[in-house]
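Now for the letters of each chain:
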Amino acid sequence: YYVVQARAVPVPFFLFCRRRYYTTPKSYLDLINLYLQLLQEKRGELGQARDRLLDGLKKLNETNSLVASMKADLARLQPELETKAAATADLLVKVSADQEEAEKVKVVVGAEEKDVKSMQQQTQAIADAAQAELAEAMPAFQAAIDSLKALNKNDIVEIKSFPKPPPLVQMTMEAVCILKQEKPDWDTAKRVLGDSNFMRSLEEFDKDNIPDAVIKKLRRYIDDPNYQPDIVAKQSRAAMSLCMWTRAMDVYNRVAKVVEPKRQKLQEAEKQLEQANAQLQEKQDALAAVVARVNS
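Residues numbered from 1 in each chain as written. Predicted model: local features only at pLDDT ≥ 70, side-chain atom pairs only at ≥ 80, totals over all residues. Heavy atoms only, no water.

Visitor: Would you mind going over the packing of aromatic side chains in detail, with residue names and values included?
Guide: The full count for this structure, using the stated rule, is 1 aromatic pair. Measuring from ring centre to ring centre gives 5.2 Å for F205 and W245, while their planes differ by 80°; the resulting arrangement is edge-to-face. Remark: W245 occurs in helix α10 (residues 237–295) and F205 occurs in the loop between α7 (198–203) and α8 (212–222); sequence separation between them is 40 residues. With a relative accessible area of 17%, F205 lands in the buried category. Given the relative accessible area of 0%, W245 is considered buried. Across from the ring centre of Y252, 5.2 Å away, lies the NZ or CZ of K207, which sits over that ring. (Phe/Tyr/Trp six-rings, centres within 6.5 Å; stacked < 30°, edge-to-face > 60°. Helix = DSSP H or I, 4+ residues; strand = E, 2+ residues; numbered from the N terminus. Buried < 20%, exposed > 50% of the residue type's maximum accessible area, 1.4 Å probe, protein only. Lys NZ or Arg CZ within 6 Å of the ring centre and 35° of its normal.)

Visitor: An account of the side chain of S236 is requested, with residue identities and associated values reported.
Guide: Examined against the element boundaries, S236 turns out to sit in the loop between α9 (229–232) and α10. Reaching out from S236, the side chain makes a polar contact with the side chain of E158 at a distance of 3.2 Å. (Polar contact = N/O pair within 3.5 Å; in protein donor to acceptor, adjacent residues only side chain to side chain.)

Visitor: Account for helix α5 (residues 167–179), naming residues and giving values.
Guide: Compared with an ideal rise of 1.5 Å per residue, which puts 13 residues at 18 Å, α5 spans 19 Å between its outermost C-alpha atoms and is within 8% of the ideal. Summarising burial for α5: 12 of the 13 residues are buried, a large majority. Taken together, the buried positions of α5 are occupied by L168, V169, Q170, M171, T172, M173, E174, A175, V176, C177, I178 and L179. Just downstream of α5, Q181 is the residue with a positive phi angle, here 60°. (Expected span 1.5 Å × (residues − 1).)

Visitor: Account for the packing of α5 against helix α6 (residues 186–193), with residues named and values stated.
Guide: Where α5 meets α6, the axes come as close as 9 Å, and the angle between the chain directions of the two elements is 70°. Judged by the angle between their axes, α5 and α6 are roughly perpendicular. The crossing of α5 and α6 is left-handed. Of α6, the residues touching α5 (which contributes Q170, M173 and C177) are W186, T188, A189, V192 and L193. Partitioned by chemical class, the residues of the contact of α5 with α6 number 6 nonpolar, 2 polar and no charged. (Axes fitted to C-alpha atoms, helices over the stretch in contact; angles between N-to-C directions. Parallel < 35°, antiparallel > 145°, perpendicular 65-115°, else oblique. Left-handed = near helix turned anticlockwise from the far one by under 90°. Contact = heavy atoms within 4.5 Å. Nonpolar A, V, L, I, M, F, W, Y, C, P; charged D, E, K, R; others polar.)

Visitor: Any details on unusual backbone geometry? Residues and values, ideally.
Guide: Even without glycine at this site, Q181 takes up a positive phi of about 60°. Along the polypeptide, Q181 turns up in the loop between α5 and α6.

Below, the structure written as structure tokens:
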């Protein structure tokens, strides 16, 4: 083909360009070399195309094998998948029920938390009111105790040394004897003063359980306008401290009668609050368990 073309081309070339074209041995050899080069290139391209085709076919075969294996695995696992799908559906139903239960419990717990908080506030109000009432009596009581602690043995001996005590000292010791439920006379007063534990008995006196009859007898002394610590101090400094103590017991008893109903009410409120807190804790624990089930 190339030889025929080489022979045919020179004629029109001469007619168009007025030049002769000759095929020499060298140009013919160059033509053959060019042909061989093109042949080599085409063989290379065809080889690459063949390799790509073979690789593609190999991958298609591998993919088909893999797909077949996956289909077999899927068929083998299908019963298990169906079982797990059913279990998942059951679990979703259970989770939905647990969530609904959790919402209900949350509403109940929220309402009880409000109730408990209200009870806490009411209990604190009762405690504050009782404490405020006691605050009236405690300063006088503490002042009396401090004054008693300031007394020493010589002060007691001073009071006992009176053969006939001054009227206000006599009145003070009678008031002390009444509170200690002893006979209110001077001989008994000296015996009471002679007790080695006399001061301790006053400091540790059971002020919360003074009989009403004792307070009624004591009232005659408390209501006397001359029975005041500063007036008693003019006759005896030691008796002044005992006077303060008897008046402090009267004030404490008077306040305690007002506070006692509040204290009982406080104890009842604290008991109810403790029960409410326990019930609330149970419901909070139940809510936490439901929430844990939902989250798991």
